[in-house]
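These are the residues of each chain, in order.
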Amino acid sequence: MASGGEQKVVLITGCSSGIGLRIAVLLARDEQKRYHVIATMRDLRKKDRLVEAAGDTYGKTLTLLSLDVCSDDSVRQCIDSVKDRHIDILINNAGVGLLGPVESISMDDMKKVFETNFFGTVRMIKEVMPDMKKRRAGHIIVMSSVMGLQGVVFNDVYTASKFAIEGFCESMAVQLLKFNVKLSLIEPGPVHTEFETKMMEDVAKMEYPGADADTVRYFKDVYIPSSIDIFEALGQTPDDIAKCTKKVIESSRPRFRNLTNSLYTPIVAMKYADETGGLSVHTFYNLLFNFGSLMHITMSILKCLTCSCLRRRTISPD
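Below you will find a few notes about this structure. Bear in mind the structure is a predicted one, so any value in this text is a computation, not a measurement.

**Some thoughts on the pairing of strand 5 (residues 139–143)**
Remark: a regular strand shows side chains that alternate across the two faces of the sheet.
And then number 1: The buried fraction of strand 5 is high, at 5 of 5 residues.
And then number 2: In strand 5, alternate side chains face the same way, and those of His139, Ile141 and Met143 on one face and Ile140 and Val142 on the other are all buried.
And then number 3: By the bridge criterion, 4 bridges tie strand 4 (residues 89–92) to strand 5 in an arrangement that is parallel. By the bridge assignment, Ile91 is partnered in strand 5 with Ile141.
And then number 4: Of the crossover connections in this fold, the one passing from strand 4 over helix 4 (residues 107–135) to the parallel strand 5 is right-handed.
And then number 5: Sheet topology places strand 5 next to strand 6 (residues 182–187); 5 bridges connect them, and they run parallel. Residue pairing in the sheet places His139 in a bridge with Lys182 of strand 6.

**Overview of the side chain of Asn258**
And then number 1: Residue position: Asn258 is located in strand 7 (residues 257–259).
And then number 2: Looking at Asn258, its side chain comes within polar contact range of the main-chain oxygen of Arg255, at 3.2 Å.

**Quick notes on the pairing of strand 2 (residues 35–41)**
And then number 1: Burial of strand 2 is extensive: 7 of the 7 residues sit out of reach of the surface.
And then number 2: Sheet topology note: the strand 1 (residues 8–12)/strand 2 ladder contains 5 bridges and is parallel. In the sheet register, Lys8 faces strand 2, and the bridge partner there is Tyr35.
And then number 3: In this region the chain leaves strand 1, passes through helix 1 (residues 18–28) and returns to the parallel neighbour strand 2; the handedness of that crossover is right-handed.
And then number 4: Looking at chain direction, strand 2 and strand 3 (residues 62–66) are connected through 5 bridges and run parallel. Each bridged residue has a counterpart across the sheet, and for Met41 the counterpart in strand 3 is Ser66.

What counts and how
- Residues numbered from 1 in each chain as written.
- Predicted model: local features only at pLDDT ≥ 70, side-chain atom pairs only at ≥ 80, totals over all residues.
- Heavy atoms only, no water.
- Buried < 20%, exposed > 50% of the residue type's maximum accessible area, 1.4 Å probe, protein only.
- Helix = DSSP H or I, 4+ residues; strand = E, 2+ residues; numbered from the N terminus.
- Pairing = 2+ DSSP bridges.
- Right-handed = clockwise from strand over helix to strand, strands pointing away.
- Polar contact = N/O pair within 3.5 Å; in protein donor to acceptor, adjacent residues only side chain to side chain.

So, to be careful, I would describe these as geometric facts and stop short of saying anything about function.
Here's what the structure looks like:
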């Protein structure tokens, strides 16, 4: 139990499915009942899956609130409805993806990604941070991505939104440390969710006005098949990410950055091994355009590269 026998109040955004749902249920089912989970989602009509997964914890260690991270009023009303506005742990999980040739993506669609992935997270942190600083206590968790560390072709806008939140958090962490408030980034690689599966199916069928024929062909015939190979070889489950997140929450000295997949440590290490950036750019180019047919072998090589010393740099779900 938390100090004084009280449960820690955990507010999680984006809980209608996937990672957010699994984190909410995992914490709500904690055997020691250390957490009171406030699971939030934009549209409460999508609550059924969460309620079913929560089982008998619903209404006990798990409650549900409406929250749209893109709305100042919604965020304020949600936090106001929490007793004394007291949040011990904020888990920023709400996010959206965007995939495809950048020439065919409207500026409005790009802005929507940043509104949720960057400004939505900042909006939540701004709302709960003053109370945490006043109490000299609290933990802010941000669901980032390995794409916040390494750019990935045809994920340009999504990657940019994750780079932005990484930079914001890296800056904020220094200030928050002075107030004894912890800030941790969770950085998954590919995760098997219905969201990802549907997105892959949809993008393969779509037209891409504004993009030249060669670019569309590279995207549909080269990138998409390679991406599916990577998901199959390296993908984790939402449960894996939930377990990693719980470990970070319960650590006495949580890390700032937490890669969840040890198979990605060589990729990140490669970027920092060459300050010119050429090594990672040319490696990804060769992987995509020259070795596409050997992607399965490439995945095996990545697994071999991931020695125990690299695994120690990640947070494992096991």
